[in-house]
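Structure assessment
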Amino acid sequence: MGASQSARTEHEFQDLADRTGFSLEQIGNLNKRFRQLSKNEQTLSRQDLASISALDNNPLRAQIINAFFDKRNLRQNEVGTVQVIGFEEFLMVMSHFRPAAMHITEEEREKLRREKLRFVFNMHDTDSDGTITLEEYRRAVEELLSKAGTIGQETAKAIADAAMLEVASTTRGKMEPDEFYEGITFENFLQILKTLDIETRMHVRFLNMDTATMRCGK
Amino acid sequence: MPAFSCAFPGCRRDLLVIVLVVFVGIGLPIEASAPAYQSHGTEGSYLTNVTNTKKAFPVLAVNYKHVRQPFEIALWILLALLMKLGFHLIPRLSGVVPESCLLIVVGLLVGGLIKVIGEEPPVLDSQLFFLCLLPPIILDAGYFLPIRPFTENVGTILVFAVIGTLWNTFFMGGLLYALCQIESVGLGGVDLLACLLFGSIVSAVDPVAVLAVFEEIHINELVHILVFGESLLNDAVTVVLYNLFEEFAKVGTVTVLDVFLGVVCFFVVSLGGVLVGAIYGFLAAFTSRFTSHTRVIEPLFVFLYSYMAYLSSEMFHLSGIMALIVCGVVMRPYVEANISHKSYTTIKYFLKMWSSVSETLIFIFLGVSTVAGPHAWNWTFVITTVILCLVSRVLGVIGLTFIINKFRIVKLTKKDQFIVAYGGLRGAIAFSLGYLLSNRHQMRNLFLTAIITVIFFTVFVQGMTIRPLVELLAVKKKKESKPSINEEIHTEFLNHLLTGVEGVCGHYGHYHWKEKLNRFNKTYVKRWLIAGENFKEPELIAFYRKMELKQAIMMVESGQLPSALPSTISMQNIQPRAIPRVSKKREEEIRRILRSNLQNNKQKMRSRSYSRHTLFDADEEDNVSEVRLRKTKMEMERRVSVMERRMSHYLTVPANRESPRPGVRRVRFESDNQVFSADSVPTVHFEQPSPPSTPDAVSLEEEVPKRPSLEADIEGPRGNASDNHQGELDYQRLARCLSDPGPNKDKEEDDPFMSC
């Protein structure tokens, strides 16, 4: 690691900062974390993420890990998954969790909402077909309640059904008994979660604060 | 009452107002003249004893002094409530003027009336206020405090409450002292400590006034919780400052040690109040765990433990308001998981009722006390006080927001700041504290007058103008949204997602600690405080059950099967369909049968017996007649449950798998218990040995014989099963055809719908 190395990384960071919107400081910290997780290699694999003990009790563990390797989240307009990700991809995924700036216009706010909701949508839509079917939704709710014991498993299905019903009622209004509602499209998803204020809620606070508080997580 | 027709629309209303006025006119002289009667009465009896003549047996006698005190109290409350009733009959008025203003005006009128009669109008006794009138309002506020916005903004609220109040106190106290130094004002005798004491009384935002005014303007949640939270939490500061300055004023000098002790005192008062509240809260939660057999007294535990918390902390000069709030907040989740639905409703309505009465009485008494109280008017002092109140509030809010916004994600806009500043109303707490000032202070009357003026100004001017200002500035209003299960799911989802991402970042942030707290809560605390097996239930499921319950009750009450509307979306639309449908004719027939059953049952359901001691607890009924009634109920329930299962297509809560002991059954209508513990939620087992072949088949088995969320547990005897078997098999076939694929068919059908 010579001076040239650090100069190169500085330049890279600047480039990344422009593209993802993070500040240089934040990128520096995330880089440290990346190197820690990947054990100083250039890429991160699923096992590296799976070894984080903080995720152990999280019902959404598998989905979160998958989300990092999902090409749709890498802003590349492709589908499918990758096996390993580099630092840039790591940042791309993390950028979904940036908080909204204070003074942004309505359309920027809308754009941010769409971006964040797209991330959540992708997490549900596991077969990448653009709609969340009943089966996928059921699985999502089951995962969510997976730490809740047997009661959770049984109710999950009912809850997912009721939720689907609600989406269908809200977006389609009246349907003939013969019609079939295929699944939740992204536009429907936006509509039903419109009251959730996601642009303010879906953020990780540390990205805003000083790095001195960042601990060496396990 | 002569019967007459209303020639014009307003006459009924006017009549009522006249009646009220007459009532008031009659009621007051009775009270006022009571003391006169009392003395007369005793004199009379003394004379009788001395002369010892035999009187005729008094057939009708008046003994007012016997009932005097309760009579007066009841009369006052009745008057207050009739006034409140009167206002709401005049829509134009209640739309423009907030209720608090009207009540104060009424108080003024009543006070004036009493004075005209020649009696001394009663003043708002501080002890009465602090011990009887204030607690219900605070408990109501604390018990129904919206937790999520409160905890999200707790930092901001604390900053406003503590630092804002301190700033107000010192700014006002200091400037007023400076004012009094000016020779021309003529108030040279007021020293700094007295001014600071005055400042501390008048600077605290009052929860009663804030509640009264903000309730009517439906402002957005953020601003509401900021102002409201501030008004609650500044009690600790007010208590400390008040006591501090009282003590100092007595002594006359202040040392550094005193100041330091003051700071320590603040922490003791606030944290002590919180601790006391938490202890009583946990006690209440623990007690509620055992109340399953004595449902009727459940609400009393909630009220009494909270009141005890308040009194205990007042005893130690800790912050009673904070104790009450914390008690309500702590006990609510556990108590609500344990108590019956009826008790929950009772608690809600009693709290609302008591707080409503208290609020009304407080404002009326404020008006009366204004007429009564000793006044010393000094133009300069009073006007300066009012102006300084406004100025210091605005400056304080702007300054603090500037600092706070650096730490907030959702920044406070200028409009928010304005409402927060403008909504800082003063109220009865300030008055009572002023009234408590001992007569030692030669400025007491002056202070009292100034306090009353400030209160009047804030309640009248600010209270009346805040609504048009909110409209004018187009401040965001409260969103009236129905609880949506999708939102709930995704809120939960986001929580876990963000916790996970925080974990990936290696940052122990907000969500991490929240998650830890939740887990601690679930594994240890809930185990002790929640009855039965309910403690394992995740929040999402509890939410879902509640929603379902509400919808089911609504459906039964409206007497309509949801499928009566052909075009609403039902399970058919979202379930992939691959099985032949049953013929329309058959379906219609079944529907007709079920509907007619429902009509019959609704009538029968209304004629059940009701005893004060046992709310539908079948276990405790020993009477033979009760048994017979129960048998007919069983029959009814069986039919209703068939109907319910049809509805269970839409909303189903799978019953717990384990079959409970057959002896314990509860006859429940409208679901006493909103949470279904493992003991009392049976499944009705049909003799159907088809083994589950796929996961979906298993769920079908549960789904159809599932007990619906609404009511009736069916009594065990298998004999019953045989005659309804046919009906239920039919029903089952229908169910299978219309919803899930049957157990035999799903192997093929499921594949297209299961994504890889």
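Residues numbered from 1 in each chain as written. Chains lettered and ligands numbered in written order. Predicted model: local features only at pLDDT ≥ 70, side-chain atom pairs only at ≥ 80, totals over all residues. Heavy atoms only, no water.

**Some remarks on the overall build of chain A**
Looking only at helices and strands, chain A features ten helices and four strands. Long-range pairs, those at least 24 residues apart, make up 55% of the contacts in chain A with a sequence separation of at least 6. Split by element, the accessible area of chain A, about 10300 Å² in all, is 49% carbon and sulfur. (Helix = DSSP H or I, 4+ residues; strand = E, 2+ residues; numbered from the N terminus. Contact = heavy atoms within 4.5 Å. Areas by Shrake-Rupley, 256 points an atom, 1.4 Å probe, with all protein chains shown as cover.)

**Regarding the overall build of chain B**
Check the secondary structure of chain B and you find 27 helices and zero strands. Split into buried and exposed, the 756 residues of chain B put 53% on the buried side. Here the contacts in chain B between residues at least 6 apart in sequence split such that 84% fall between residues at least 24 apart. (Buried < 20%, exposed > 50% of the residue type's maximum accessible area, 1.4 Å probe, protein only.)

**Brief notes about the packing of helix H9 (residues 207-217) of chain B against helix H18 (residues 444-473) of chain B**
Residue and element names in this part refer to chain B. Viewed as axis vectors pointing N to C, H9 and H18 meet at an angle of 30 degrees, and their least axial separation amounts to 10 Å. One element, H9, and the other, H18, form an angle in the roughly parallel class. The element H9 and its partner H18 pack so that their crossing is right-handed. Along its contact with H9, which presents Val 213, Phe 214, Glu 216 and Ile 217, the element H18 presents Gly 463, Ile 466, Arg 467 and Val 470. Within the contact of H9 with H18, the residues separate by chemical class into five nonpolar, one polar and two charged. (Axes fitted to C-alpha atoms, helices over the stretch in contact; angles between N-to-C directions. Parallel < 35°, antiparallel > 145°, perpendicular 65-115°, else oblique. Left-handed = near helix turned anticlockwise from the far one by under 90°. Nonpolar A, V, L, I, M, F, W, Y, C, P; charged D, E, K, R; others polar.)

**Looking at helix H13 (residues 320-338) of chain B**
All names here are of chain B. End to end, H13 covers 26 Å across 19 residues, agreeing with the expected 27 Å (1.5 Å per residue, within 8%). The largest bend in H13 amounts to roughly 45 degrees and is located at Arg 332, with the proline Pro 333 lying one to four residues further along. Taken across its 19 residues, H13 has 16 buried, putting it largely inside the fold. (Expected span 1.5 Å × (residues − 1). Bend = angle between axes of the 7 residues up to and from the residue.)

**Brief notes about helix H12 (residues 298-315) of chain B**
All names here are of chain B. The first and last C-alpha atoms of H12 sit 26 Å apart over 18 residues, in line with the 26 Å expected at 1.5 Å per residue. Buried residues along H12 sit against helix H5 (126-143), helix H11 (256-288), H13 and helix H14 (341-372). Note on H12: the residue one or two positions beyond its end, His 317, has a positive phi of about 60 degrees.

**Remarks on unusual backbone geometry**
The backbone phi angle of A:Asn40 is positive, close to 65 degrees, even though this residue is not glycine. With respect to the secondary-structure elements, A:Asn40 resides in the loop between helix H2 (24-37) and strand E1 (44-45).

**Points about a negative patch on the surface**
Residues and elements named next belong to chain A. Where like charges cluster on the molecular surface, the negative patch consists of Glu 106, Glu 107, Glu 108 and Glu 110. When you line up the elements, Glu 108 lands in helix H6 (residues 106-124). Relative accessible area serves as the criterion here: at 43%, Glu 108 is assigned to the partly exposed category. (Patch = residues over 30% accessible without salt bridge, like charges linked within 9 Å, V, L, I, M, F, W, Y side chains within 5 Å. Salt bridge = Lys/Arg side-chain N within 4 Å of Asp/Glu carboxyl O. Lys, Arg positive; Asp, Glu negative; His and termini not counted. Charge placed at Lys NZ, Arg CZ, Asp CG, Glu CD.)

**Some words on the nonpolar core**
One finds B:Phe129, B:Leu134 and B:Phe214 to be the most contacted residues of the largest nonpolar core, which totals 133 residues. Looking at which element gives the most residues to this core, the answer is helix H10 (residues 221-251) of chain B, with 17 residues. Dropping the residues within four chain positions of it, B:Leu134 is found in contact with B:Phe129, B:Val208, B:Tyr310, B:Ile321 and B:Ile429. Core analysis: the next-biggest nonpolar cluster, separate from the first, contains 73 residues, A:Leu37, A:Tyr181, A:Phe189 and B:Ile489 among them. (Core = buried A, V, L, I, M, F, W, Y, C linked by side-chain atoms within 4.5 Å.)

**Things to note about the pattern of salt bridges**
Residue and element names in this part refer to chain A. In this structure the tally under the stated criterion is ten salt bridges over all chains. For the salt bridge of Arg 114 with Glu 187, the shortest nitrogen-to-oxygen distance reads 2.8 Å. Of this pair, Arg 114 sits in helix H6 while Glu 187 is found in helix H9 (residues 186-192), placing the two residues 73 residues apart along the sequence. On the basis of relative accessibility, which here comes to 32%, the residue Arg 114 falls in the partly exposed class.

**What about the packing of aromatic side chains?**
Residue and element names in this part refer to chain B. Tallied over the full model, the rule gives 27 aromatic pairs over all chains. Between the aromatic rings of Phe 198 and Phe 381, the centroid separation amounts to 5.5 Å while the plane-to-plane angle is 45 degrees, which identifies the pairing as tilted. Pair noted here: Phe 198 is in helix H8 (residues 192-202) and Phe 381 is in helix H15 (residues 379-404), with a separation of 183 residues, a long-range link. Classification of Phe 198 as buried rests on a relative accessible area of 0%. A relative accessible area of 0% means that Phe 381 is categorised as buried. (Phe/Tyr/Trp six-rings, centres within 6.5 Å; stacked < 30°, edge-to-face > 60°.)

**Focus on the environment of B:Thr491**
When you line up the elements, B:Thr491 lands in helix H19 (residues 485-505). Under the relative-accessibility criterion, B:Thr491 is labelled buried at 5%. Once residues lying within four places of it in the same chain are set aside, the contact partners of B:Thr491 are A:Leu196, A:Arg201 and B:Arg148. Within polar-contact distance, the side chain of B:Thr491 engages the backbone oxygen of B:Glu487 at 2.5 Å. (Polar contact = N/O pair within 3.5 Å; in protein donor to acceptor, adjacent residues only side chain to side chain.)

**With respect to the side chain of A:His96**
All names here are of chain A. Its place among the elements puts His 96 in the loop between helix H5 (87-94) and H6. A relative accessible area of 5% means that His 96 is categorised as buried. Those residues in contact with His 96 that sit more than four places away from it in its chain are Asn 73, Arg 75, Glu 115, Lys 116, Phe 119 and Met 202.

**Quick look at the packing of H2(A) against H5(A)**
Residues and elements named next belong to chain A. The geometry of H2 relative to H5 is characterised by a closest axis approach of 11 Å and an angle of 120 degrees between their N-to-C directions. When the axis of H2 is compared with that of H5, the two are oblique. Read as a crossing pair, H2 and H5 show a hand that is right-handed. Between H2, through Ile 27, Leu 30, Asn 31 and Phe 34, and H5, the contact on the second element is made entirely by Phe 87, Phe 90 and Leu 91. Here the contact of H2 with H5 is built from residues that sort into six nonpolar, one polar and no charged.

**Remarks on the environment of B:Ser355**
All names here are of chain B. One can find Ser 355 in helix H14. On the basis of relative accessibility, which here comes to 7%, the residue Ser 355 falls in the buried class. Remark: the alpha-carbon pair of Ser 355 and Pro 136, spanning 219 residues in sequence, is separated by 5.0 Å. Among all residues touching Ser 355, those that are not within four sequence positions of it are Pro 136, Ile 137 and Asp 140. Polar side-chain contacts of Ser 355 include one of 3.1 Å to the side chain of Asp 140.

**Digging into the side chain of B:Ser343**
Residues and elements named next belong to chain B. For Ser 343, the location among the structural elements is in helix H14. Overall, the relative accessible area of 4% leaves Ser 343 in the buried class. A polar contact of 2.6 Å, which involves the side chain of Ser 343, links it to the side chain of Glu 298. In this structure, Ser 343 is in contact with Arg 295, Glu 298 and Pro 299, ignoring residues within four places of it in sequence.

**Details of the environment of B:Pro121**
Residue and element names in this part refer to chain B. Relative to the helices and strands, Pro 121 is located in the loop between helix H4 (99-117) and H5. Residue class for Pro 121 comes out buried when judged on its relative accessible area of 3%. A sequence separation of 244 residues divides Pro 121 from Phe 365, and the C-alpha atoms of the two residues are 9.7 Å apart. Once you skip the residues sitting within four places of it in the chain, Pro 121 turns out to touch Gly 111, Ile 114, Val 368 and Ala 372.

**A few points about the confidence of the model for chain A**
Residue and element names in this part refer to chain A. Considering every residue of chain A, the mean pLDDT works out to 75; 81% of them sit at 70 or more. Mean pLDDT values over the elements of chain A span from 68, in helix H1 (residues 3-20), up to 83, in H6. Predicted confidence is poor over residues 208-218, with pLDDT under 50, and the contacts of this stretch with residues over four places away or in other chains come to 24 contacts. (pLDDT = per-residue confidence, 0-100.)

**Notes on the confidence of the model for chain B**
Residues and elements named next belong to chain B. Overall, the prediction assigns chain B a mean pLDDT of 72, with 63% of residues at 70 or greater. Contacts of residues 562-567 to residues separated by more than four positions or lying in other chains number twelve contacts, the stretch itself having pLDDT below 50. Contacts of residues 606-626 to residues separated by more than four positions or lying in other chains number 27 contacts, the stretch itself having pLDDT below 50. The complex model carries a pTM of 0.68, and its ipTM stands at 0.88.

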